[in-house]
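Residue-level structure breakdown
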Amino acid sequence: MLAREPYKGSTRKLVLAFDVGTTFSGVSYCMLDPGEVPVIRGVARYPAQEHVGGDSKIPSILYYDLQGDVRAVGAEALQEHIIEQAEDEGWVKLEWWKLHLRAKHLASSHIQDDDILPLPQCKSAVEVLADFMRYLFQCARTYIQESHLNFWRSVENSIEFVLTHPNGWEGQQQQQIRRAVELAGLISSQEEQSHVHLLTEGEASLHFCVTNVIASAKTPMDVSDYSDEEEDQPDSQGVIVIDAGGGTIDLSAYSMKLSPTLFEEIAPAECCLQGSVFVTSRARTLLQKKLSGSEQYSNPKIIAQMAGIFDNSTKLRFRKPDEPSYIKFGTIRDKDLKYDIRSGQLKMSGFDVADLFEPSIEAIIEAFEQQRRVASTPINLVCLVGGFAASDWLFAKLQEYFLPLGISFCRPDAHVNKAVADGAVSFYIDHLVSSRVARATYGVRCSTWYNSQDAEHLARQHKRYVSKDGDTYIPGGFTSILLKGTQVSELREFRKSFSAKRESPAACESHTTSIMCYKGALQEPQWFDVEPSSFTKLCEIHADLRKLSRTLRPQISTLDQSEYYEIEYDVIILFGHTELKAQISWKEKVRDSFSLIHFLTD
């Protein structure tokens, strides 16, 4: 296990980490007492849950009535009397609803909004997330109150929340999470957002792996080829963590040093919409096709029942394609040999089942190779965690790929489905990652000084204009502030200087700048008319310059001898932590002034 120092804070505090997954969700926590060594624990009891233990999670299911009120959540939604009442009263059941929040830039040709159960008419995806987080918070509060007497009252106003999200979720999705936290009542005001910490599932999984695998050679793990030749290993080694979940598969690459324990991200994080639910979705399509000619077994309800059984058991047990797999769905009287149904069991070809996994396996390998190509440190170790990691077939196929490459491959032996929640708490108390890699290029729109010797400028000379200062410019330029692939330490800021010319002091009282994101193929884009679809606006930054405007002195235009005023400012992007932030800086009476920090959104 990772050795931890006693908590050095001066007051008692509670850390709550929520892992809201596509299929299952859980909560982990840590009670921080001054002078005590922090211990990560999991909420191990939930209402109506049959299985109780350290790896407890609940299904990410909600029922809404026709008025839009929550009627059942989690394991409670699986109770027979709830299912009957839902049918009688026309409640709306939501599963896989997290996919409604997915980042639209992720490759998702295999899934459309119509493939996901629709939201109630009166509810947005953010409101559903808020309802679910409110339930998780209530469960966590009850569990902690019952397990640790008199503790909750001492920390109910001193809670730090860590919320995880897929690697591919960026500014827009992060802002939706923050909005949901407020709607759920976890915090009471915008000012309390400083107590909310967002984290990628990949980085959370890294912290779990460090605590449970990497930092201890004695920790039980399922490992393919863990090298003993430590003297041949360089000081810094490369590790990729694969978090194979229900909806997404997240890959994160790091260089690691264990004395002292230190990690740096070495490649942009990858995210694939090919989690375990898509294996089940493909199985449902296969069953529909296989049973389409059967009057008795082509019923959508029976197909849905079979798909559910495949999801809960057949998929996890599958190991060999040359052996048939079975879905036990009925009684001994269910028999139709034409459709491979005997004694209530549907027989499926093992090769057909293997094909259901193939798109997910291919997506993992493609993402791995992309990270390996750009990583600044050779990859020596790959760790597989997440609920989908329980699949022996997935593990075997990936092991088959990694072994010939000389790469060690492992999956922790215990509680892999709690990797994200436990790792999120570890992120807050251990803080192992010292730098991260920008996943895209960020900058601003600008006008570029005209250079008659530049071919790119000549091609756009019909757009040129003469500014108040007498110089000639071309609009539609892009200035990069932070380039994709840049490794950024937590304290480093990226800034560039700009100016704006206005006709009067009143026009200088405020200024707005748009932060743009570029996700195209160019290493350093310079023009918006090249790959225009690759640019998106992340946010607008507003600066209050009323004090500055009163100190500006007029300048005389060489163009028409009129007066004009010039604002000089810097645009700053901060990326050392897990969220991008931006602000404007300007000089005001010799000291620096700043706009409010803006979280970057799509």
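These remarks concern the structure in this document. Everything numeric in this text was worked out from a predicted model, so none of it was measured. (Residues numbered from 1 in each chain as written. Predicted model: local features only at pLDDT ≥ 70, side-chain atom pairs only at ≥ 80, totals over all residues. Heavy atoms only, no water.)

A few words on the overall build of the chain. On a plain count of helices and strands, the chain comes out with 12 helices and 32 strands. Based on the C-alpha atoms only, the size of the chain along its principal axes is roughly 95 × 65 × 60 Å. Residue burial in the chain is summarised as follows: out of 602 residues, 51% are buried. Taking the contacts inside the chain whose residues are at least 6 apart along the sequence as the reference set, 69% of them involve residues at least 24 apart. Split by element, the accessible area of the chain, about 28400 Å² in all, is 47% carbon and sulfur. Of the charged side chains in the chain, 63 are positive and 82 negative; the average position of the first set lies 2 Å away from that of the second. (Helix = DSSP H or I, 4+ residues; strand = E, 2+ residues; numbered from the N terminus. Buried < 20%, exposed > 50% of the residue type's maximum accessible area, 1.4 Å probe, protein only. Contact = heavy atoms within 4.5 Å. Areas by Shrake-Rupley, 256 points an atom, 1.4 Å probe, with all protein chains shown as cover. Lys, Arg positive; Asp, Glu negative; His and termini not counted. Charge placed at Lys NZ, Arg CZ, Asp CG, Glu CD.)

By secondary structure assignment, the location of Gln67 is in the loop between strand S5 (62-64) and strand S6 (70-73). Along the sequence, Gln67 and Gln121 sit 54 residues apart, while their C-alpha atoms lie 9.7 Å from each other.

Right, let's talk about the packing of helix H6 (residues 276-290) against helix H7 (residues 300-317) for a bit. At a closest axis distance of 9 Å, the pairing of H6 and H7 adopts a crossing angle of 135°. As summarised for this structure, H6 and H7 are arranged oblique, according to the angle between their axes. With respect to the hand of their crossing, H6 and H7 are arranged in right-handed fashion. Counted together, Ser276, Val279, Thr280, Ala283, Arg284, Leu287 and Gln288 of H6 and Ile303, Met306, Ala307, Phe310, Asp311 and Lys315 of H7 form the full contact between these two elements. Its residues placed into classes, the contact of H6 with H7 shows seven nonpolar, three polar and three charged. (Axes fitted to C-alpha atoms, helices over the stretch in contact; angles between N-to-C directions. Parallel < 35°, antiparallel > 145°, perpendicular 65-115°, else oblique. Left-handed = near helix turned anticlockwise from the far one by under 90°. Nonpolar A, V, L, I, M, F, W, Y, C, P; charged D, E, K, R; others polar.)

This part is about empty space enclosed by the protein. Remark: the empty space left among the atoms is shown by a probe the size of a water molecule rolled over them. Under the definition given, this model contains two cavities of 30 Å³ or more. As a volume, the second largest cavity reaches approximately 80 Å³. Those elements that provide at least two residues to the lining of the second largest cavity are strand S1 (13-20), helix H2 (125-147) and strand S8 (159-165). Looking at side-chain class alone, the lining of the second largest cavity contains eight nonpolar, one polar and one charged residues. (1 Å grid on protein atoms, 1.4 Å probe; cavity = no way out; pocket = protein on both sides within 12 Å on 5 of 7 lines; lining within 4 Å. Points joined across faces, edges and corners; volume = space filled by probe spheres on them.)

Take the pairing of strand S20 (residues 433-437) next. Of all five residues in S20, four are buried, a share of seventy percent or more. When strand S13 (residues 261-265) meets S20, the two strands line up parallel, connected through two bridges. Residue pairing across strands places Glu264 opposite Ser435, the latter belonging to S20. As paired elements, S20 and strand S24 (residues 487-489) share three bridges and run antiparallel to each other. Counterpart to Arg436 in the pairing with S24 is Val488. (Pairing = 2+ DSSP bridges.)

A word on the pairing of strand S29 (residues 563-574). Direction of pairing for strand S25 (residues 493-502) relative to S29: antiparallel, over a ladder of 10 bridges. Looking across to S29, one finds that Lys501 is bridged to Glu566. The pairing of strand S28 (residues 555-556) with S29 spans two bridges and is antiparallel. The partner of Ile556 across the bridge, within S29, is Glu563. Counting the residues in the hairpin turn of S28 and S29 gives six residues, including Gln561, whose phi is positive at 65°. Of the pairings in the sheet, the one linking S29 to strand S30 (residues 581-588) comprises five bridges and is antiparallel in character. Counted as the bridge partner of Ile572 is Gln583 from S30.

General note: in soluble globular proteins, nonpolar side chains tend to be found buried as a group. Formed by 55 residues in total, the largest nonpolar core has its most connected members in Leu14, Leu16, Phe18 and Met133. If one sorts the elements of this core by residue count, H2 sits on top with 14 residues. Discounting chain neighbours no more than four positions away, the residues touching Met133 are Phe18, Val20, Leu163, Ile177, Ala180, Val181, Ala184 and Leu186. (Core = buried A, V, L, I, M, F, W, Y, C linked by side-chain atoms within 4.5 Å.)

Quick look at the packing of helix H5 (residues 201-214) against helix H10 (residues 419-430) now. Relative to each other, H5 and H10 sit at 85°, their axes nearing to 7 Å. Judged by the inter-axis angle, H5 sits roughly perpendicular to H10. The segment H5 lies against H10, with Glu201, Glu203, Ala204, Ser205, His207, Phe208 and Thr211 engaging Ala419, Val420, Asp422, Gly423, Ala424, Ser426, Phe427 and Asp430. Grouping the amino acids of the contact of H5 with H10 by side-chain chemistry returns six nonpolar, five polar and four charged.

Evaluation of the coordinates by the stated rule reveals 29 salt bridges. For Arg460, the salt bridge is made with Asp529, and the minimal N-O distance between the two is 2.9 Å. With Arg460 in the loop between helix H11 (455-458) and strand S22 (465-466) and Asp529 in the loop between strand S26 (510-518) and strand S27 (535-544), the pair connects residues that are 69 residues apart, well separated along the chain. Note on Arg460: relative accessible area 7%, which makes it buried. Judged by relative accessible area, Asp529 falls into the partly exposed class, the value being 40%. In this structure, Asp570 and Arg495 form a salt bridge, with 2.8 Å as the shortest nitrogen-oxygen distance. You can see Asp570 sitting in strand S29 and its partner Arg495 sitting in strand S25, a full 75 residues away along the chain. Taking the relative accessible area as the measure of exposure, Asp570 reaches 15% and is therefore buried. On the accessibility criterion, Arg495 (33% relative accessible area) is partly exposed. Residues joined by salt bridges that share partners form a network here, namely Glu456, Arg460, Lys463 and Asp529. (Salt bridge = Lys/Arg side-chain N within 4 Å of Asp/Glu carboxyl O.)

With that out of the way, let us pick up unusual backbone geometry. Positioned with a positive phi, Asn150 is a non-glycine residue whose angle comes to about 65°. Mapped onto the secondary structure, Asn150 falls in the loop between H2 and helix H3 (152-155). With a phi close to 60°, Asp340 is a non-glycine residue in the positive phi region. As for its placement among the helices and strands, Asp340 is situated in the loop between strand S15 (325-328) and strand S16 (341-342).

Hydrogen bonds along the backbone pair up the strands of a sheet, which may run parallel or antiparallel. Taking strand neighbours across the sheet as the criterion, the three strands line up as S6-S5-S7 in an open arrangement whose pairing is antiparallel. Strands at the two margins of the open sheet, each flanked by one partner only, are S6 and strand S7 (92-94). The average angle at which neighbouring strand axes cross in this sheet is 20°, direction not considered. Seen against the sheet, H2 touches S5, S6 and S7 and runs at an angle of roughly 115° to S5.

As a further point, take the sheet that holds S16. The strand order across the open sheet built from three strands is S15-S17-S16, with neighbouring strands paired in antiparallel fashion. Edge positions in the sheet fall to S15 and S16, since each of these pairs with one other strand and no more. Judged from the two bridges that link them, S16 and strand S17 (residues 345-348) form a sheet pairing that is antiparallel. Within S17, the residue paired with Arg342 across the bridge is Gln345. Its contacts with the sheet place H7 against S15 and S17, and it is angled at close to 140° to S15.

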